[in-house]
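The chain contents come next:
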Amino acid sequence: TEDAASELVRKILKGAYLQTDKDFISPKQSPQSGSTAATVIMFGRRLFAANVGDSRVVLCRGGGQCVELTSDHKPNRPDEAARVRAAGGFILNKRVMGELAITRAFGDKSFKMGIKAMLEDEAEDLVNEEAKDLTAPLVSAEPEIASMILSHNDEFLLLACDGLFDVFRSQDAIALARQELIAHRGEPAEVARILSDQAIRVRRSRDNVSILIIVLRPFWEVG
């Protein structure tokens, strides 16, 4: 159960994401590219995890149990595909309009215009029958926000983009990070380097690999 303060945090997070996107795409000369995002905010033991796109927040609970706190915004998610179709778009080869592999992001300006502006006079002839609002963005910057109360046995958080998760399951990434945190008695920056090296050099990830590890307690200490 969340209180009024938690609802306020959700409102602030949502507003921050949407304002960031607006500031990015508003200039006439703004880039056409985009970016995913993952955010954590902690107030005592209350944790908020927000994301757009396929960057993830993953929690390692006591003993190495993996809990995904975010869900990737991919076109193969039925609810995300339905939202795209309701805006007049389509999914082709697991991509929005056959081009973009995520359904929520900062930037990607052309996908924020709405199908009516994208196709101009041909819009009503080409869109599918599920379309409801031809001015709605095909790709959204509105985050999904999860919250939970952390246990005193929870060990660390892993935030990373899809370059890591293209070649690691969340559980495997958590297991390796935990193993290296124990071996190095902490040192999250060094463990993030090891994890990224495994993704890029060993498993040949072809995408950006950005990693942040947040240690919640020194679980590697005995006694």
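Everything here concerns the structure above.
Conventions and cut-offs
Residues numbered from 1 in each chain as written. Predicted model: local features only at pLDDT ≥ 70, side-chain atom pairs only at ≥ 80, totals over all residues. Heavy atoms only, no water. Pairing = 2+ DSSP bridges. Helix = DSSP H or I, 4+ residues; strand = E, 2+ residues; numbered from the N terminus. Axes fitted to C-alpha atoms, helices over the stretch in contact; angles between N-to-C directions. Contact = heavy atoms within 4.5 Å. Salt bridge = Lys/Arg side-chain N within 4 Å of Asp/Glu carboxyl O. 1 Å grid on protein atoms, 1.4 Å probe; cavity = no way out; pocket = protein on both sides within 12 Å on 5 of 7 lines; lining within 4 Å. Points joined across faces, edges and corners; volume = space filled by probe spheres on them. Expected span 1.5 Å × (residues − 1).

> Which residues make up the sheet that holds strand β10 (residues 156–160), and what values go with them?
Taken together, the four strands give an open sheet; going across it, the order is β5-β4-β10-β11, and neighbouring strands pair in antiparallel fashion. Two strands close off the open sheet at either side, each with one partner strand: β5 (66–68) and β11 (211–215). Looking at each pair of strands side by side, their axes are set apart by 20° on average, direction ignored. Judged from the five bridges that link them, β10 and β11 form a sheet pairing that is antiparallel. Of the residues in β11, the one forming a bridge with Ala160 is Ile211. The strands that helix α7 (residues 188–202) touches are β10 and β11; relative to β11, the one it contacts most, it runs at about 145°.

> Which residues make up the pattern of salt bridges, and what values do they have?
Using the criterion set out here, one finds 15 salt bridges in the structure. In this structure, Arg61 engages Asp154 in a salt bridge whose closest nitrogen and oxygen atoms are separated by 2.7 Å. With Arg61 in the loop between β4 (56–60) and β5 and Asp154 in the loop between β9 (144–149) and β10, this residue pair connects regions lying 93 residues apart in the sequence. What you see here is one network of salt bridges that share partners, running through Arg56, Glu68 and Asp72.

> Summarise the layout of surface pockets; cite the residues concerned and give the values.
Taken as a whole, the largest pocket holds about 210 Å³ of empty space. Lining the largest pocket are 14 residues, with Thr36, Asp54, Ile102, Asp162 and Asp207 sitting closest to its centre.

> I'd like to hear about α7, residue by residue, with values.
Taking 1.5 Å per residue, 15 residues should reach 21 Å; α7 reaches 20 Å between its end C-alpha atoms and fits that length. Against β10, α5 (162–165), α6 (170–183) and β11 lie the buried residues of α7. At the exit of α7 stands Arg204, carrying a positive phi of roughly 60°.

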